[in-house]
Amino acid sequence: TIELIVTSEAYAATSTSKDVLADGTDYAFRGPAPKRLTAEQFVDAVWHITDTAPGKTAADFGDRAGEPVRASTVQSDLLMRILGRPNREQVVTTRPAQLTTLQALDLTNGSTLATLLKQGAKNMIGASTQATQRDLITDVFQKALQREPSEDELANCAELIVDSQLNDGVEDLLWTVFMLPEFQ
């Protein structure tokens with residue numbers, strides 16, 4: 001059942017805005033409705049895709065050898081706090097659905113995300129020395145968006161990598177994909 005779900009076209013469909021869903025016509029599934037990731041989910045996804053998760057958690061959770069470190073189990077960093085990770089000593093029942101100016105600025109210019117992307121680019125290049133640009137771009141799209149890139153996306157992303165040094169280009173590719181509303 002899980003294989004059927006994760007390999008289905010519906011699961012890999014591009015997310016659809018609420019405007020498209022409420023355009024007055026009869027309902028037809030066009031893709032999942034977008035829902036913004038929490039700070040922990042965003043950081044977990046970046047860590048998983050770029051293989052940059054820290055080596056240990058903030059507390060001892062018993063024998064968890066081989067399990068990936070989760071953002072909810074580590075000390076909150078500046079990126080997580082800016083993206084809305086609440087102070088654990090306060091009860092929070094809802095989180096804002098809209099991105100704030102501070103959050104947008106930190107995603108654009110923040111040193112924490114930039115450091116993750118720089119290390120992630122090194123990890124991806126090191127792991128795929130024989131891979132072509134197309135393979136690298138496709139791998140990022142599959143891991144981040146659960147789908148293949150369109151031909152336009154493939155061409156645009158290839159320009160990012162060609163027009164700069166390889167490491168800088170892969171950083172730009174990662175940043176571009178992570179900033180897509182479809183990812184966030």
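Residues numbered from 1 in each chain as written. Predicted model: local features only at pLDDT ≥ 70, side-chain atom pairs only at ≥ 80, totals over all residues. Heavy atoms only, no water.

Draft legend 1. Focus on the packing of aromatic side chains. Following the criterion strictly, the structure yields two aromatic pairs and no others. Ring centres of Phe 42 and Phe 183 lie 5.8 Å apart, and the angle between their planes is 75°; on these two criteria the pair is classed as edge-to-face. One end of the pair, Phe 42, is in helix α3 (residues 39-50); the other, Phe 183, is in the segment after α9 (166-179), with 141 residues separating them in the sequence. In this structure, Phe 42 and Phe 183 share a single accessibility class: buried. On the basis of an interplanar angle of 40° and a centroid distance of 4.9 Å, the ring pair of Phe 178 and Phe 183 is categorised as tilted. Classification of Phe 178 as buried rests on a relative accessible area of 0%. When its relative accessible area of 6% is taken as the criterion, Phe 183 is described as buried. By way of ring pairs, the aromatic residues Phe 42, Phe 178 and Phe 183 are connected into one cluster. (Phe/Tyr/Trp six-rings, centres within 6.5 Å; stacked < 30°, edge-to-face > 60°. Helix = DSSP H or I, 4+ residues; strand = E, 2+ residues; numbered from the N terminus. Buried < 20%, exposed > 50% of the residue type's maximum accessible area, 1.4 Å probe, protein only.)

Draft legend 2. Examining the nonpolar core more closely. Phe 42, Leu 113, Leu 174, Phe 178 and Phe 183 are the most contacted members of the largest nonpolar core, which has 35 residues in total. Listed by contribution, the elements that provide at least two residues to this core are α3, α4 (78-82), α6 (111-127), α7 (133-145), α8 (151-162) and α9. No other element matches the seven residues that α3 contributes to this core. Each residue touching Phe 178, except ones within four places of it in the same chain, is listed here: Phe 42, Val 46, Ile 49, Thr 50, Leu 117, Ala 144, Phe 183 and Gln 184. (Core = buried A, V, L, I, M, F, W, Y, C linked by side-chain atoms within 4.5 Å. Contact = heavy atoms within 4.5 Å.)

Draft legend 3. Representation of a nonpolar patch on the surface. Residues Ile 2, Ile 5, Val 6 and Tyr 11 make up a contiguous nonpolar surface patch of roughly 400 Å² in combined accessible area. Following the sequence through the fold, Ile 5 ends up in helix α1 (residues 2-6). (Patch = residues over 30% accessible without salt bridge, like charges linked within 9 Å, V, L, I, M, F, W, Y side chains within 5 Å. Areas by Shrake-Rupley, 256 points an atom, 1.4 Å probe, with all protein chains shown as cover. Salt bridge = Lys/Arg side-chain N within 4 Å of Asp/Glu carboxyl O.)

Draft legend 4. Broad picture of the pattern of salt bridges. Tallied over the entire structure, the rule returns seven salt bridges. Across the pair Glu 153 and Arg 147 runs a salt bridge, and its minimum N-O distance is 2.9 Å. By relative accessible area, Arg 147 is classed as buried at 11%. In this structure, a network of salt bridges that share partners links the residues Arg 147, Glu 153 and Glu 182.

Nothing here speaks to function; it is geometry throughout.
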